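Inside the fold
The chain contents come next:
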Amino acid sequence: DQQVKQNSPSLSVQEGRISILNCDYTNSMFDYFLWYKKYPAEGPTFLISISSIKDKNEDGRFTVFLNKSAKHLSLHIVPSQPGDSAVYFCAASPGGGSQGNLIFGKGTKLSVKP
Amino acid sequence: DAGITQSPRHKVTETGTPVTLRCHQTENHRYMYWYRQDPGHGLRLIHYSYGVKDTDKGEVSDGYSVSRSKTEDFLLTLESATSSQTSVYFCATRGGVHEQYFGPGTRLTVT
């Protein structure tokens, strides 16, 4: 069973508008969440993260929101740019003695159209 | 990014042959990971290492083995490749608390 779910396989947004990528999780023991961005034929690159003790983290055009009661997090990209077109993975860390292992969602492919 | 290289970057092999993929890092990170990425599955952990000669299984470890004799190198071996192991393989390292940094990937095709 999936512990980290990205229910939208794809998302298309116009350049300049907001992109909102969503992620749901089932394990309340997750204590840290990360977003990765992946271009074709490249490895995933770390984008932004948030601790479970916070509800928002912002870095430039990227903001991650965490709603612990709903077990939901979202990544907002404002304004969206064509170079943001990529696959975005949500990941969660179980904390404790997990050796830092991450559990990834299946990804959402974002297309930003000029 | 951590200096992570993977070799080979592309490989085509036949069913039943052994295959070894190499991950090399220059950041002296303690933790190293092997993932596979398949359509519809995202990134799934195969094996990981928490130090030299210290390794453990991940979610999809069947058919794979690993070795880590030096901090900088983490090898993934498919003892007898099968078509279900056709995938893109990523190595990652972790030096801090949570963030993992990924290599460029190896595309493996088993015919």
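Okay, so let's go over this structure. (Residues numbered from 1 in each chain as written. Chains lettered and ligands numbered in written order. Predicted model: local features only at pLDDT ≥ 70, side-chain atom pairs only at ≥ 80, totals over all residues. Heavy atoms only, no water.)

Here we look at the overall build of chain A
- Scanning chain A from terminus to terminus reveals 0 helices and 11 strands.
- Each helix and strand of chain A, ordered N terminal to C terminal, gives the series β-β-β-β-β-β-β-β-β-β-β.
- By the compact-globule yardstick of 13 Å for 114 residues, chain A fits well, its C-alpha radius of gyration being 14 Å.
- With the model as given, the accessible surface of chain A reaches about 5,400 Å², and the carbon-plus-sulfur share is 49%.
- Computed over 12 positive and 9 negative side-chain charges, the separation of the two mean positions in chain A equals 4 Å. (Helix = DSSP H or I, 4+ residues; strand = E, 2+ residues; numbered from the N terminus. Rg over C-alpha atoms; globule rule 2.2 N^0.38 Å. Areas by Shrake-Rupley, 256 points an atom, 1.4 Å probe, with all protein chains shown as cover. Lys, Arg positive; Asp, Glu negative; His and termini not counted. Charge placed at Lys NZ, Arg CZ, Asp CG, Glu CD.)

Points about the pairing of strand β3 (residues 19-25) of chain A
All names here are of chain A.
- Residues Ser19, Leu21, Cys23 and Tyr25 point to one face of β3 and are all buried, whereas Ile20, Asn22 and Asp24, pointing to the other face, are not buried.
- As judged from the 2 bridges shared by strand β1 (residues 4-5) and β3, these two strands associate in the antiparallel manner. Each residue of the ladder has a partner; that of Lys5, found in β3, is Asp24.
- The sheet contact formed by β3 and strand β8 (residues 72-77) spans 6 bridges and is antiparallel. Residue pairing in the sheet places Ser19 in a bridge with Ile77 of β8. (Buried < 20%, exposed > 50% of the residue type's maximum accessible area, 1.4 Å probe, protein only. Pairing = 2+ DSSP bridges.)

Brief notes about the interface of chain A and chain B
- Chain A puts 21 residues into the contact, and the matching count from chain B is 22 residues.
- Each partner contributes to the roughly 1,700 Å² buried at the junction of chain A and chain B, and carbon and sulfur atoms together form 58% of this total.
- Here chain A is connected to chain B by 0 salt bridges.
- There are 4 residue pairs in polar contact (both at pLDDT 80 or more) connecting chain A and chain B.
- At the level of secondary structure, the elements contributing two or more residues to the side of chain A that touches chain B comprise β4 (32-38), β5 (45-51) and β9 (86-93) of chain A.
- Examining the composition of the side of chain A that touches chain B, we find that 4 residues originate from one element, β4(A), more than from any other.
- Here the residues of the side of chain A that touches chain B sort into 9 nonpolar, 8 polar and 4 charged. (Contact = heavy atoms within 4.5 Å. Buried area = accessible area lost by both parts, 1.4 Å probe. Salt bridge = Lys/Arg side-chain N within 4 Å of Asp/Glu carboxyl O. Polar contact = N/O pair within 3.5 Å; in protein donor to acceptor, adjacent residues only side chain to side chain. Nonpolar A, V, L, I, M, F, W, Y, C, P; charged D, E, K, R; others polar.)

Some thoughts on the sheet that holds strand β8 (residues 73-78) of chain B
Residue and element names in this part refer to chain B.
- Pairing within the open sheet is antiparallel, and its 4 strands lie in the order β1-β3-β8-β7. The open sheet has two edge strands, β1 (4-7) and β7 (64-70), and neither has a second partner. Taken pair by pair, the neighbouring strands of this sheet meet at an average axis angle of 20 degrees, ignoring direction.
- Pairing analysis gives 6 bridges linking strand β3 (residues 19-25) to β8, with the strands arranged antiparallel. The partner of Val19 across the bridge, within β8, is Leu78. (Axes fitted to C-alpha atoms, helices over the stretch in contact; angles between N-to-C directions.)

What to know about the state of the cysteines
Residue and element names in this part refer to chain A.
- Here the structure, examined in full by the defined rule, presents 2 disulfides over all chains.
- A sulfur-sulfur distance of 2.1 Å marks the disulfide that ties Cys23 to Cys90. Sign of the S-S torsion, about -75 degrees for the bond between Cys23 and Cys90, identifies this disulfide as left-handed. Of the two residues, Cys23 is situated in strand β3 and Cys90 in strand β9; the sequence distance between them amounts to 67 residues. Judged on exposure class, the residue Cys23 and its partner Cys90 are both buried. (Disulfide = S-S within 2.5 Å.)

Focus on the pairing of strand β6 (residues 54-57) of chain B
Residue and element names in this part refer to chain B.
- With 4 bridges connecting them, strand β5 (residues 42-51) and β6 associate as antiparallel partners. Bridging from a neighbouring strand, Tyr48 pairs with Asp56 of β6.
- Connecting β5 to the antiparallel partner β6 that follows it, the hairpin turn spans 2 residues, and Lys53 within it adopts a positive phi of roughly 70 degrees.

A few points about the environment of Tyr89(B)
Residue and element names in this part refer to chain B.
- With respect to the element layout, Tyr89 can be found in strand β9 (residues 87-94).
- Residue Tyr89 is classed as buried on the basis of its relative accessible area, which comes to 0%.
- Separated by 70 residues in sequence, Tyr89 and Val19 place their C-alpha atoms 12 Å apart.
- A polar contact of 2.6 Å, which involves the side chain of Tyr89, links it to the backbone oxygen of Gln85.

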